[in-house]
Structure formats: structure tokens, C-alpha cells
Amino acid sequence: RPAASPPDTIAAIATAPGRGGVGVVRVSGAGLAAFARELTGRDPQPRLAGFTRFLGAKGEPIDEGLLIYFRAPASFTGEDVIELQGHGGPVVMQMLLDRCLALGARLAEPGEFTRRAFLNGKLDLAQAESVADLIEASTAAAAQSAVRSLSGRFSQEIHLIKDALIDLRMLVEATLDFPEEEIDFLEKARALPRLASIREQLEGVLDRARQGALLRSGLNVVLAGAPNVGKSSLLNQLAGEDRAIVTEVAGTTRDALRETIQIEGIPLHVIDTAGLRDTSDVVERIGIERTRRELERADVVLRLVDAGRPGETEGGTDIDLDLLPGVECITVINKIDLCDLDPARVEHDGRVELRVSAREGLGIDLLRKELLRVAGWHAHGEDVILARERHLLALRAALAHVRLAGDQLSALELFAEELRLAGERLGEITGEFSADDLLGVIFSRFCIGK
Ligand code: GDP
Ligand code: ZN
């Protein structure tokens with residue numbers, strides 16, 4: 001990357017809005033030792049937390065707390081960074097921030113700290129994204145996967161595959177200069193087994209990335225069924241003890257109809273259609289529109305039936321389930337405790353039926369397993385790569401080029417070209433070939449202060 005003009009100094013409140021015991025203002029730029037001296041009246045010691053007063057323009061104290069000075073390049077952004085840990089009230093934090101702005105900083109844009117870390121080579125793009133993923137993780141499993149990506153595990157695997165692609169391509173290109181040897185090339189260089197091995201590695205990563213995508217975004221589940229069939233009871237049973245732990249992403253408006261629970265760390269966004277119907281009574285048109293939108297996003301519909309009253313399947317819903325193509329539908333026969341049925345998973349005509357008792361907790365494990373099966377979840381925590389849609393696209397495209405390469409064995413130029421294209425797509429993941437507008441899109445989704 002060409003060296004740009006020296007970066008300006010940026011500042012932002014790094015802690016979440018609201019009141020807290022401690023709040024942090026983060027500053028990044030050049031020459032921040034002088035900045036810290038003006039702010040506190042003394043020289044900062046790199047990497048030592050010092051208790052100090054934070055002073056206003058006239059030397060009056062604004063707050064007191066800790067100042068930590070990270071000298072470039074040993075910092076998150078690779079620039080000089082100072083962190084001011086003050087008292088976490090909105091007014092104090094704003095005064096501290098204003099003071100930093102008065103000292104020449106400007107307000108950071110969302111994700112700008114992480115963007116600088118990326119531009120200074122502190123993180124690659126996949127790692128930078130995992131910073132946001134970690135902050136936004138809605139389950140512990142997703143958070144752990146994000147930490148692994150942040151530590152570079154995902155990036156390393158991509159690099160290994162890319163290196164293998166480059167090695168093979170260099171061999172092919174070297175052979176191109178000696179056309180009489182082309183025939184022997186594939187044999188001698190073991191090109192085919194090497195290509196096959198690259199393909200297998202890519203397939204493995206893609207599969208684990210798909211699992212990660214699931215961990216990231218979860219599954220949209222719709223609960224349908226007549227009033228009193230046991231929808232709320234079933235939701236409670238599915239949520240189990242984890243229920244209280246699951247929270248919505250801070251700052252988003254909470255939708256009372258949508259509840260997020262988790263099964264083996266997979267977030268399930270459950271919509272109770274009873275709530276949707278109630279809404280439609282009040283503002284009918286909006287309600288119906290909303291029902292339709294929710295259902296469009298559904299991955300699975302759990303259609304509850306009362307074991308004692310099988311006729312009333314859809315008495316309570318305005319939803320024609322046949323209008324949902326591509327959505328898995330699981331029939332759940334509830335209240336089996338009332339009619340002496342055993343919990344079971346039954347399949348007839350390709351339709352899955354589960355017999356449970358939400359109140360007695362019978363058959364709930366079967367239902368959990370069924371939901372994971374429908375989701376396509378088969379991974380074990382450690383292996384999962386918390387991929388984004390753009391990673392999946394790049395992996396799929398790279399794999400397609402590698403497969404095409406295998407079809408081009410009679411034309412080594414084309415073989416080499418497919419390898420090159422595959423490597424280029426992998427490079428997009430770590431950010432080696434990323435256009436500025438892509439960076440803009442990625443970092444603008446961060447919160448300010450990150
Ligand atoms: P919803 O209107 O579909 O959300 O139904 P609820 O979950 O509120 O349950 C309605 C009533 O059915 C409550 O009194 C529950 O205790 C009862 N119920 C729910 N599941 C079962 C079950 O498996 N067995 C029995 N016997 N009662 C149940
Ligand atoms: Zn209910």
C-alpha cells in the first residue's frame with residue numbers, strides 16, 4: 001500500500017452509551033505523548049496505567065482516572081494510542097471527549113480504529129471483521145469462534161491453501177516454457193494429487209464456514225398453532241436454562257414477538273404467530289404484512305397440534321403453510337401426556353412429526369435434535385469458522401476455480417489461470433485484494449470507538 005499522508009488524530013468514547021462504573025475514551029494518532037502531557041500535566045509512561053487527573057483547557061480537573069499510553073507501533077491501531085479511563089457517566093465522558101477534540105483530535109468514524117489497525121498491518125481483514133463479530137456475538141459459542149478468527153486461525157488456513165495454489169501454479173508456469181515436457185509435467189510434479197488435496201482442504205474450510213454462518217445468524221423458527229395448543233410452553237422448554245442468558249444485540253429495538261433462544265449455541269429466533277395474530281386484530285393491515293414478512297424469513301415452521309384435538313390444526317392461524325415453499329415444516333403433536341402416547345419422531349410421506357409434551361418436558365430432546373438436523377448443524381465447536389456471507393462467496397468461487405482447473409489438464413495455460421483466479425478469491429478474505437469501497441462497507445458497520 002502506498003504511504004498516505006500522516007494520519008490525523010481520532011478520538012471516540014469506546015464504552016457503551018449509558019452509565020457505568022468506568023468509561024473509556026480512546027485516542028489514536030501520532031505524537032500522543034504531547035497530547036497526554038497537555039491533558040494531564042505530566043509525561044505518560046508507555047504501557048503503564050497511571051492514575052491521574054484529566055485537565056480542562058484552563059487546568060481545571062474534568063475527571064480523574066487512569067491513562068494508558070501505547071507507543072506506536074505497539075498498539076491496537078499501530079499508531080500512538082491513549083486510553084482514558086474515567087468515570088462512566090455520559091456527561092463526564094462527553095466532557096473528556098470534547099477536551100480531546102479541543103486538543104486537536106477529530107471524532108472517529110464507526111470502525112475507524114479497527115480500519116487503521118488493518119491498514120497498518122496489525123490485523124488482516126478477516127481478523128478485523130471478527131472484532132465486530134465478537135462484539136455482536138449472540139451466543140458464547142459464536143463468541144469463541146470469533147476469538148479464534150481474531151487470533152488468526154482462519155486467516156492462517158486461508159494462507160496455507162493460497163500458498164499451495166501458488167506453488168502448484170509456479171510449477172505449471174515453469175513448465176510452460178518447456179513445451180516438450182508438458183506431457184510429463186502432470187506426472188512428475190504430482191500435479192493431480194496436489195490439486196485434489198487443495199480441493200479437499202477448500203471443501204473442508206467451506207463446510208466449517210457454513211457451520212459458522214449458521215452460528216452467526218442462526219435459524220428463524222415460526223411457532224404456529226391454535227390458541228392454547230402449548231406454543232409458549234414449548235418455547236420455554238426449548239429455551240431451557242439458557243433462556244435468561246440470551247439477549248438481543250444492544251441498541252436494536254426489541255421486538256416482543258421475536259424471542260431468541262439457543263440450542264447448542266445456535267441462535268434460534270422464534271416467532272410466536274399468536275402474537276402476530278393479536279397484532280393483526282388491532283391494526284389488521286400492518287399485522288398481516290408483518291406476518292408475511294416474518295414468514296418469508298422463516299427457515300422452519302413448527303406446527304403445533306393438540307394430541308387430544310387433532311382436528312384443530314390451524315384453527316388459530318391465518319397462515320396457509322402450503323404457501324411457504326422451501327420452508328421446513330415440522331408437525332409437533334403436543335400434550336401427549338393427556339392421551340397416553342410416547343415421545344417419538346415419526347416420519348410419513350416425507351413429513352416429520354414429533355410427539356412431545358411441553359408441560360411435562362417429554363420429547364423435547366428429540367425436537368432439539370430435529371431442529372439442529374434441519375439447520376444442517378453437524379460441527380463440533382472447535383472446528384467452526386465464524387464466516388460472513390462474503391467469506392462464503394469467496395470460498396465457493398475459489399473452489400469453483402479449483403474444480404475448473406481440474407478440467408483444463410490438456411491446456412496448462414488455462415490450468416494455471418484457474419489456479420491464479422482461485423488464489424485471488426482467497427486473497428479477498430484476508431484483504432490482500434480488497435477494493436476501498438469494500439473496506440468502507442465492512443468498517444462502516446462497526447460501532448463508533450472500535
Ligand atoms: P399457547 O396459547 O399456544 O401459547 O399455549 P400455552 O403454552 O399458553 O398453553 C396453554 C395451556 O396448555 C396451559 O395451561 C398449559 O399448561 C397447557 N399445556 C401446554 N403444554 C401442555 C402439555 O404438554 N400437556 C398438558 N397437559 N398441558 C399442556
Ligand atoms: Zn402463548
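Here is what the cut-offs are and how they apply
Residues numbered from 1 in each chain as written. Chains lettered and ligands numbered in written order. Predicted model: local features only at pLDDT ≥ 70, side-chain atom pairs only at ≥ 80, totals over all residues. Heavy atoms only, no water. Helix = DSSP H or I, 4+ residues; strand = E, 2+ residues; numbered from the N terminus. Buried < 20%, exposed > 50% of the residue type's maximum accessible area, 1.4 Å probe, protein only. Contact = heavy atoms within 4.5 Å. Areas by Shrake-Rupley, 256 points an atom, 1.4 Å probe, with all protein chains shown as cover. Core = buried A, V, L, I, M, F, W, Y, C linked by side-chain atoms within 4.5 Å. Axes fitted to C-alpha atoms, helices over the stretch in contact; angles between N-to-C directions. Parallel < 35°, antiparallel > 145°, perpendicular 65-115°, else oblique. Left-handed = near helix turned anticlockwise from the far one by under 90°. Near = heavy atom within 4 Å. Polar contact = N/O pair within 3.5 Å; in protein donor to acceptor, adjacent residues only side chain to side chain. Arc of directions from axis to C-beta.

1. Here we look at the overall build of the protein chain
The helix and strand inventory of the protein chain stands at 15 helices and 13 strands. Taking all 450 residues of the protein chain together, the buried fraction comes to 46%. Considering only intrachain contacts with a sequence separation of at least 6, the fraction spanning at least 24 residues in the protein chain is 66%. Total accessible area on the protein chain stands at roughly 22,600 Å², and carbon and sulfur atoms take up 52% of it.

2. A short note on the nonpolar core
Judged by nonpolar contacts, the single largest core of 35 residues is most densely connected at Leu 234, Leu 238, Leu 268, Leu 302, Ile 330 and Leu 371. The contact partners of Leu 234, leaving out residues within four places of it in the chain, are Leu 223, Leu 302, Leu 304, Val 332, Val 356, Ala 358, Ile 364 and Leu 367. Within the second largest apolar cluster, 32 residues are counted, among which are Phe 154, Ala 394, Ala 416 and Ala 422.

3. Re the packing of helix H8 (residues 191–217) against helix H13 (residues 389–406)
Packing of H8 against H13 leaves a shortest axis separation of 10 Å and a crossing angle of 160 degrees. The orientation of H8 with respect to H13, classified from their angle, is roughly antiparallel. Once H8 is placed against H13, the crossing between them reads as left-handed. Facing H8, whose interface residues are Leu 195, Ile 198, Arg 199, Leu 202, Glu 203, Val 205, Leu 206, Ala 209, Arg 210 and Ala 213, H13 presents Leu 392, Leu 395, Arg 396, Ala 398, Leu 399, Val 402, Arg 403, Ala 405 and Gly 406.

4. Section: the site of ligand 1
With respect to spatial proximity, 15 residues lie near ligand 1, and among them Asn 228, Lys 231, Ser 233, Asp 337 and Ser 357 are the closest. Between ligand 1 and Asn 334, the relevant distance is 3.1 Å, taken from an oxygen atom to a side-chain nitrogen or oxygen of the residue. For ligand 1, an oxygen atom lies 2.9 Å from a polar atom in the backbone of Ala 358. Alone, ligand 1 offers 570 Å² of accessible surface; in the complex the protein occludes 76% of this. Here the shell around ligand 1 gets 3 residues from one element, more than from any other, and that element is helix H9 (residues 231–239).

5. Brief notes about helix H5 (residues 140–150)
Along an α-helix, a turn takes 3.6 residues, which lines up residues three or four apart on a common side. Buried residues of H5: Ala 142, Ser 145, Ala 146, Arg 148 and Ser 149, and no others. All buried residues of H5 project into a common sector of 160 degrees when viewed along the axis, lining one side. Seen from the open side of H5, the exposed residues pointing more than 90 degrees away from its buried face are Ala 140 and Gln 144. Trailing H5 by a residue or two, Gly 152 shows a phi angle of about 100 degrees, which is positive.

6. Quick word on unusual backbone geometry
Omega for the bond connecting Ala 72 with Pro 73 falls within 30 degrees of zero, at 0 degrees, which places this linkage in the cis form. Along the chain, Pro 73 falls in the loop between strand E4 (61–70) and strand E5 (80–88). Here Lys 335, not a glycine, exhibits a phi torsion of approximately 65 degrees, which is positive. Structurally, the position occupied by Lys 335 is in the loop between strand E11 (328–334) and strand E12 (344–348). Relative accessible area serves as the criterion here: at 21%, Lys 335 is assigned to the partly exposed category. The residue Asp 349 is not glycine, and still its phi comes out positive at about 50 degrees. Tracing the backbone through its elements, the reader meets Asp 349 in the loop between E12 and strand E13 (351–355). Judged by relative accessible area, which is 76%, Asp 349 ranks as exposed.

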